[in-house]
Every structure is written in structure tokens, then in C-alpha cells.
Amino acid sequence: MRWSQTFIHTLRQDPADAEVISHRLMVRAGLIAKVAAGIYSYLPLATRSLAKLSAIVREEMAGAGSAELAMPAVQPAELWRDSGRWSEYGPELLRIKDRHDREFCFGPTHEEVITDIVRGTVTSYKQLPVNMYQIQTKFRDEIRPRFGLMRGREFLMKDAYTFHADDEDLDLAYRAMERAYRRVFSRCGLRYTQVEADTGNIGGSESHEFMVLAETGEDAILSCPKCHYGANVEKAETGALEPAPPWPLDPTDAPREVDTPDQRTIEEVSDFLGIAPAHLVKTLIFETDEGFVAVLIRGDLGVNEIKLKNALDCLHLQLAGEQKILDITGGPQGFSGPVGLENIRLLADPSVMDLEVAATGANKDHTHVVGVVPNRDFTPDQVVDVRLAQAGDPCPRCEGTLIEKRGIEVGHVFKLGTKYSKAMRCTFLDADGEEQLMTMGCYGLGVSRTMAAAIEQNHDDKGIIWPLPVAPYEVVLVLLNSDKEEVVGAAEELYGQLVDAGIDVLFDDRPERPGVKFNDMDLIGFPVRVVVGKRGLDNGEVELSLRRDGERRSTPIKELVPAVNAVLDELREEIED
RNA sequence: CGGGGCGUAGCUCAGUCUGGUAGAGCGCACGGUUCGGGACCGUGAGGCCGGUGGUUCAAGUCCACUCGCCCCGACCA
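Residues numbered from 1 in each chain as written. Chains lettered and ligands numbered in written order. Predicted model: local features only at pLDDT ≥ 70, side-chain atom pairs only at ≥ 80, totals over all residues. Heavy atoms only, no water.

### Considering the overall build of chain A
Then, number 1: Regarding its fold elements, chain A presents 16 helices and 31 strands.
Then, number 2: Seen through its principal axes, chain A has C-alpha atoms that stretch 100 × 65 × 50 Å.
Then, number 3: The 577 residues of chain A split such that 53% are buried.
Then, number 4: Accessible surface for chain A amounts to roughly 26000 Å². Of this, 47% is attributable to carbon and sulfur atoms.
Then, number 5: Each charge class in chain A was averaged separately, 64 positive and 96 negative side chains, and the resulting centres sit 5 Å apart. (Helix = DSSP H or I, 4+ residues; strand = E, 2+ residues; numbered from the N terminus. Buried < 20%, exposed > 50% of the residue type's maximum accessible area, 1.4 Å probe, protein only. Areas by Shrake-Rupley, 256 points an atom, 1.4 Å probe, with all protein chains shown as cover. Lys, Arg positive; Asp, Glu negative; His and termini not counted. Charge placed at Lys NZ, Arg CZ, Asp CG, Glu CD.)

### A look at the domain arrangement of chain A
Then, number 1: Here the domain parsing of chain A yields domain 1 (3-237 + 404-456), domain 2 (256-383) and domain 3 (473-576).
Then, number 2: Between domain 1 and domain 3, the residue contacts involve 15 residues of the former and 14 residues of the latter.
Then, number 3: Taken together, both faces of the contact between domain 1 and domain 3 bury some 1200 Å²; the carbon and sulfur share is 64%.
Then, number 4: Inspection of the domain 1/domain 3 interface yields two salt bridges.
Then, number 5: D504 serves as the salt-bridge partner of R48, at 2.7 Å between the closest nitrogen and oxygen.
Then, number 6: Counting across the interface, domain 1 meets domain 3 through five residue pairs in polar contact (both at pLDDT 80 or more).
Then, number 7: Looking at the side of domain 1 that touches domain 3, the elements with two or more residues in it are α1 (21-28), α2 (44-63) and α6 (167-187).
Then, number 8: Broken down by element, the residue count for the side of domain 1 that touches domain 3 peaks at three residues, all from α2. (Domains from an automatic or database assignment. Contact = heavy atoms within 4.5 Å. Buried area = accessible area lost by both parts, 1.4 Å probe. Salt bridge = Lys/Arg side-chain N within 4 Å of Asp/Glu carboxyl O. Polar contact = N/O pair within 3.5 Å; in protein donor to acceptor, adjacent residues only side chain to side chain.)

### So, the sheet that holds strand β15 (residues 291-298)
Then, number 1: Strand order in this open sheet of five strands is β16-β14-β15-β17-β20, and the pairing throughout is mixed. For this open sheet the edge positions go to β16 (317-319) and β20 (382-383), each flanked by a neighbour on one side alone.
Then, number 2: Bridge count between strand β14 (residues 281-288) and β15: eight bridges; the pairing is antiparallel. Its bridge partner lying in β15, I285 is registered against A294.
Then, number 3: Where helix α9 (residues 322-329) meets the sheet, it contacts β14 and β15, and its direction lies at approximately 110° from that of β14. (Pairing = 2+ DSSP bridges. Axes fitted to C-alpha atoms, helices over the stretch in contact; angles between N-to-C directions.)

### Regarding the protein's contact with RNA strand B
Then, number 1: Not every one of the 51 residues close to RNA strand B is listed here, only the nearest: E92, E142, I143, K309 and D522.
Then, number 2: Those atoms of RNA strand B that come within 4 Å of the protein belong to sugar or phosphate at a rate of 48%.
Then, number 3: At 2.9 Å, a backbone N or O of A37 approaches a phosphate oxygen of RNA strand B.
Then, number 4: Taken together, the elements giving at least two residues each to the surface near RNA strand B come down to β1 (32-36), β8 (154-164), β21 (403-417), β24 (439-446), α14 (514-524) and α15 (534-537).
Then, number 5: Residues that form the surface near RNA strand B fall into these classes: 16 nonpolar, 11 polar and 24 charged. (Near = heavy atom within 4 Å. Nonpolar A, V, L, I, M, F, W, Y, C, P; charged D, E, K, R; others polar.)

### Describing the packing of α2 against α6
Then, number 1: Across the interface, α2 lies against α6 with an axial gap of 9 Å and an inter-helix angle of 150°. Relative to α6, the element α2 lies roughly antiparallel. When you trace α2 past α6, the crossing you get is right-handed. Across from I56, V57, E59, E60 and M61 in α2, the residues of α6 making contact are M177, A180, Y181, R183, V184 and R187.
Then, number 2: Counted by class, the contact of α2 with α6 contains seven nonpolar, no polar and four charged residues. (Parallel < 35°, antiparallel > 145°, perpendicular 65-115°, else oblique. Left-handed = near helix turned anticlockwise from the far one by under 90°.)

### Let's talk about the pattern of salt bridges
Then, number 1: All chains considered together, the criterion is met by 47 salt bridges.
Then, number 2: One salt bridge in this structure joins R153 and D141, with 3.0 Å as the shortest N-O distance. Taken together, the residues R153 in the loop between β7 (130-139) and β8 and D141 in the loop between β7 and β8 connect sequence positions 12 residues apart.
Then, number 3: On the accessibility criterion, R153 (18% relative accessible area) is buried.
Then, number 4: Between D171 and R175 there is a salt bridge; the shortest N-O distance is 3.1 Å. In this pair, D171 and R175 both sit in helix α6, four residues apart, roughly one turn of the helix.
Then, number 5: The structure contains a network of salt bridges with shared partners spanning D171, R175, E178, E206 and K415.

### Structural notes on the packing of aromatic side chains
Then, number 1: Throughout the structure, instances matching the rule amount to nine aromatic pairs.
Then, number 2: Here W80 and Y89 contribute two aromatic rings whose centre-to-centre distance is 5.5 Å and whose plane-to-plane angle is 85°, an arrangement assigned as edge-to-face.
Then, number 3: Note on W80: relative accessible area 0%, which makes it buried.
Then, number 4: For Y89, a relative accessible area of 11% gives the class buried.
Then, number 5: Arranged with centres 5.8 Å apart and planes meeting at 50°, the rings of F185 and Y192 form a pair that is tilted.
Then, number 6: You can call Y192 partly exposed: its relative accessible area is 21%.
Then, number 7: In textbook terms, an aromatic cluster arises when at least three aromatic residues are bridged by ring pairs, as seen for Y181, F185, Y192 and F210.
Then, number 8: One Lys or Arg, R510, reaches over the ring of W3 and ends 3.7 Å from the middle of that ring. (Phe/Tyr/Trp six-rings, centres within 6.5 Å; stacked < 30°, edge-to-face > 60°. Lys NZ or Arg CZ within 6 Å of the ring centre and 35° of its normal.)

The structure is reproduced here in C-alpha cells:
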């Protein structure tokens, strides 16, 4: 392809509305153009990159035994009513009406459609398993789209679905998908990690996320350097907690109120009372769609709202406001406690129940109670782990200590179980002629997000440094002195040779000054650069260099094609390893 | 949705406080000089100052409403 025949327009300055590096670089390098918040056009360069990424995904899906299909982007409301998600999914689902006022949505995911296909076709265990995927534009009306392609509303996604006669068979497909995902991200040359994840509102039993490691990642990952345990903080477990130190105050037969004027925070109260933060019971009032809940956790720990949502089986929750706290507990924020707290569900983390003696708020202004004994002075309705794991906590699997990293979620695999097959009556007859629910898996991979993540992870102050397998073009051939006829002739000749050799090359045939061209090459980040200029040509040479290190290797003009093939092979081998 | 900020030339931004002829840099067009790391000189095109309504002799500037965009929080590939 010639530059003059495609559409590449670079910007000198950063766009004003882009914050993260991948977004800035994609706009500056002429990869994407914004149409509306969270909605972008993929310009020719991005389109090529996405096509390469998609090709890798297709190969690996084939390897995992998945067949490609294409489902509609627009889906009828009745399918979503059938699964129950028309009401569950919330405003993130873009709902639309046709001219007859019939309701539809723009598909954010396709469990309903594929389950509908399978339930109408598959009736026998002999037809299972089923494994299909598609690569398609999805729309999710995100509360807050941001960071360009990292969290767009419209995005390109590969979604696969499998249907099985039993859990063992699902597990086989799940493991094959995990392997396929690892191969995709490895082949793209990305540094990533696979972690245990929460299943979120998609539902199901087991789930893993694939995270591209980058400082700007929106997810926090906890991992153990010793045993390779890794999990999203939302999901992370920890080893046994360090117990609270011995109770430093006199023991009491019953809780005793003490004045704590203006001592609200855990630190203030524990300092004031001369106890450790771990001796306090933190009492948080949450508002949920099921009503209010008081959540108790040890003072030095935090609450994981995802775990809490799962424990309460609710869709949404938030901390109650000051007035609500006053109404429910009788005391202001900062002075809540479980002793004598009635008319509200009481949920305690095990860390609280393990305390021998504790201090808590008294549900009264400027007052706390000390000498509180769990199960004597209060009894929770439910004891469940809702603790937020953090860096420094013990690993749940070994003696190690968890560390935190940031990641961009580029893939997520789920064992769905029978959630959708049950709701939508997707059944088959087993060998005994008994009707059974199919068990399902679903597997998402953000294609456009992976492209953004690749840039997020591979750039320098000059621009993008594409990993070879997802670069829009592997090689750029730069004509340097377009005013010199012999240089133009040589460049044209070399371009022909490279094309004939099947090399993925872009020919920068623009009559621009060298500086402009060099800067554009660096900004766009083609892995391999061939410069044809008068200077080298006089010696019968052209200049070959890698974007990565910029090191220039003079190459005899007659040996250009083999030389380019050689560096491409080197780059490919590196990624294989 | 709550909190913060911004809409002026294709892009990045001044000008708004204190109302009085619409600005700069880059980009673009033309001419000339340049030509291996974003050249220089000259000439020029390009604006409903996001929109609507109001105040005023006069509004980019003040007021009200509205639309769009960005950032921080709850969602997710």
C-alpha cells in the first residue's frame, strides 16, 4: 500500500480531550477518530491492526474447537425478557424501538440469541457439545466511557459460547478456551496475567480474567510472587489474618460506654482509647435493593463491595447517607455499632467474630462502647467473608505475601452453568431419555481494547512501538528525497520487490521533508523501517532499522528483501519464546 | 447520577473578570529559498465565539435555560 493512496493523517499536538497514552497516541497517529463519547471510527491503520488481531483470535478459536458464526447486533426484547435480563441489565442496555413500537436492544452480549439458536436445534446429547464464537461490534451504554478504546461504549469483541451435557465436558471446553486466550495474548507479544475473577452480573461458577499489565489499568490485581496465585481484588482471598493484639484495657462483664468527643475515624478513636485499630468493630450501613444492612468488619480492614453484593444476593448497593444512618442507628456517622442495633440486618465478617474483646460506636453522639464481646453483646444474622484483600496480606495458597499490580481486562471466561439454559429452557435428552438442562460457558475477548492495551504497554515518548503481530504494517519503506529522480526510481523498484516478496509493507511516497517522515514513522510505530535516501544510494545501500531500538543497519540495496525477511524472522522468533 | 472543568478557525489555545472592529501558533493554498530528524520568507483562504432566549445603544464577554465534551466516583471486554 502507498501512503498517498490510503488515509493517514497525524497530529502534531495531543488532542485536548484525551488523557491516557493509548488514547492520545491513537488519535495523534491517525488510528481513530471520535464520533461521540465512547464511540469511535477505526481509520485504515486501526482497521488493519484489528484485522490482524482478529485473525490471531480466529486461529486460536479454531484451535479450541470453536466455529465462527455471526449473530445480529439488534436483538428483540422478548428474548431478554425470557432470560430475565430485560429488567436485570439496567440502563447499560441500549433499548430501541422500531417503527411499529416494538422493543429491541443493541446487543451488549449474546447469551440470549445463541441460547435461542441452540434450544431450537439441539435436542440430543449426541449433538453436544456446541462451541461457537463471533467477532462483532457490541454496544454497552457505560455510565462513564473513557480512555478512548479502553472503555468505549461501542467496541469490538470476540464472544464465544459453549453448551454441554455435563460439568466435566464444560470444564474441558473451559480449559481449552483458557489455553487459547493465553496463546492469543502471547502471540500478540503482550505481557499479561491470568487471574481468578468475580462472575459479576453475568453469573456462573468459575471465572478467570486475562489482564494486560499496565500502570493505567483500571483493575487492581493481587498476586503471590511465590506460588503464582493471582486474583482480581474483587475476588481475591487471603491467608489467615494476623490476630488482633491482646486487649489492653480492663476486662468487663458488660459493654461500658465511654465519651469520645469528636473522635470519628478509626485512627482517632483507637488513639484516643489507647487500643489498636484491630480492636475496633467498624460498622458500615449499606443501602441495597433489598433494604438496609449493617456490615461489621475489623477496624483495620476494608469491605469488598463485590463480595458483599454476592453475600446479600443483590444487584446494587451503596453506603447509606448521613441522614439515613442517623435514622437507623440513632447516632451520627462515625459512632455506629452493633450493640443494641435493631431493625436492621446485621452481617459480620469472620474477622469481627474472632475478636475476644472489642470497641465499637455507641449509636450516640460522641460516645463509643468498650469491652464488647461478639456473640455475647451482639449476634449477627449472618457471618460471611466480605473482607477486601490488599497488598501485604498473606497468600491464601502458600506462605507468600500478596503484591498489587494494575491490569487492563482484555479477556474474561466464565462457567455459566445452567443460568441461561434454565431461564430459557434449553434442554436435551440424555442417554436415558431424561430431559436435562445444558450447562454453558461464555468467553469474551475485547479485540479493540486489546489493541489499545498493546499501545498502552508498548510506547515511548515518540509514539507507538507496535508488537509485530498487530502492527498495521510490519514494514514501512520511506522515500527520503522525493525531488531526486534516481531516489524515487530506486524506492519504487524496492517497493515492487517487497510487495512481490509478500512482505507487509507501507510505502511512504509523500513528497515530505525527512524530519516530517521520521517523526511520523516514530509516532505510528511500524516495527521495521527501510529508508531510501540519496546518501545511502550513492553507496548502493539502504538503511534498515527497528522502531524498538532505532539501531541502523546499512544494507546493500540488492539484498534488501532477504535482509527484511531476516529481521522479521528475528522479531517473530522473539514472540514465539 | 453526584462532584469538578471545558465548548472561540481543521488542531492546540489566548481574548470572558472590567461589554465597544475576532486573535496567535500549528495545519491548509499559492510563490520563492530549502531538503537525512516536525525548515525559512512572503502572500492568502478559513469563524453563526456549541445552541436558544434575555439584559443592553452595543454581547465571544453579563443572566437564564439547553446541548455536547473531558476529569474524579458506582459498571465492564
